[in-house]
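Close look at the chain arrangement
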Amino acid sequence: PTTSYEEGCLSFPEIRGDVVRPDEVTVKFQDVAGVAHTLRCNGLLGRCVQHEYDHLQGILFIERMSKGVLAAIEPDLKALKKQTREATKKS
């Protein structure tokens, strides 16, 4: 099963939108000592793990939004893009 839940991201300040994700996720990883672990999680932790895993894969949360949700935040995304461009020109 999946659940739609409002997400945001520090890369997109004050921009939020609904994203559908699986209710539960299992991830395998190694800690800093190289020891293998398996983590099965759901709820907010499961959602956060999926969101951060997407970052590692080069996927942004806005790419997981439906076309309708993305269209609703498009003006905010354009404004952020413009603000970012202007800030980089000043540097």
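Every residue gets a number counted from 1 within its own chain, in the order that chain's sequence is written. Local features in this predicted model are restricted to residues of pLDDT 70 or higher, and side-chain atom pairs are both shown and tallied only at a pLDDT of 80 or more, whereas totals for entire chains, interfaces and linings draw on every residue. Neither water nor hydrogens contribute to the side-chain values; these are computed over all heavy atoms in the structure.

1. Structural notes on the overall build of the chain
Stated formally: Secondary structure elements are taken from DSSP: a helix is a run of H or I of four residues or more, a strand is a run of E of two residues or more, and numbering for both begins at the N terminus. As defined in this context, the radius of gyration uses C-alpha atoms, and a globule is described by 2.2 Å times the residue total to the power 0.38. In this scheme, a residue with accessible area under 20% of its type's maximum is buried, one over 50% is exposed, and one in between is partly exposed, where area comes from a 1.4 Å probe on protein chains only. Should any heavy atoms of two residues lie within 4.5 Å, those residues are counted as being in contact. Accessible areas in this description were obtained via Shrake-Rupley with a 1.4 Å probe; residue shielding takes into account the shown protein chains only. Note on charges: Lys and Arg go in the positive column, Asp and Glu in the negative column, and His and the chain ends are not counted at all. Throughout, a charge is located at the NZ atom of Lys, the CZ atom of Arg, the CG atom of Asp or the CD atom of Glu.
Across its full length, the chain carries two helices and four strands. For the chain, the succession of helices and strands along the chain, N to C, is β-β-β-β-α-α. Radius of gyration (C-alpha) of the chain: 16 Å, far over the 12 Å computed for a compact globule of 91 residues. Oriented by its inertia axes, the alpha-carbon framework of the chain measures out at about 45 × 35 × 15 Å. Relative to its full complement of 91 residues, the chain shows a buried share of 24%. Of the contacts formed within the chain by residues at least 6 apart in sequence, a portion of 42% connects residues at least 24 apart. For the chain, the exposed surface amounts to about 6,900 Å²; the carbon and sulfur share of it is 56%. Here the chain carries 13 positive and 13 negative side-chain charges, and the mean point of each set is 7 Å from the other.

2. Re the pattern of salt bridges
Stated formally: Note on definitions: salt bridges are taken to be side-chain nitrogens of Lys or Arg within 4 Å of carboxyl oxygens of Asp or Glu.
In total, this model carries six salt bridges according to the counting rule given. E7 is paired through a salt bridge with R21; the nearest N and O atoms lie 2.6 Å apart. Of this pair, E7 sits in strand β1 (residues 2–9) while R21 sits in strand β2 (residues 12–22), and the two are 14 residues apart along the sequence. Ionic pairing is found between D54 and R21, a salt bridge with its closest N-O pair at 3.0 Å. Residue D54 is found in helix α1 (residues 43–56), and its partner R21 is found in strand β2; the two are separated by 33 residues along the sequence.

3. Focus: the confidence of the model for the chain
The condition that has to hold: Per-residue confidence from the predictor is reported as pLDDT, which spans 0 to 100.
For the chain, mean pLDDT is 96; residues scoring 70 or higher make up 99% of the total. Element-level mean pLDDT values for the chain span from 95 in helix α2 (residues 67–90) up to 98 in strand β4 (residues 36–42).

4. Details of α1
Worth spelling out the cut-off: Here the expected length of a helix is defined as 1.5 Å per residue gap, with one fewer gap than residues.
For α1, spanning 14 residues, the distance from its first C-alpha to its last is 20 Å, which sits close to the expected 20 Å at 1.5 Å a residue. Along α1, the positions that sit buried rather than exposed are G46, R47, V49, Q50, H51 and D54. Following α1 by one or two positions, G58 has its phi on the positive side, about 80 degrees.

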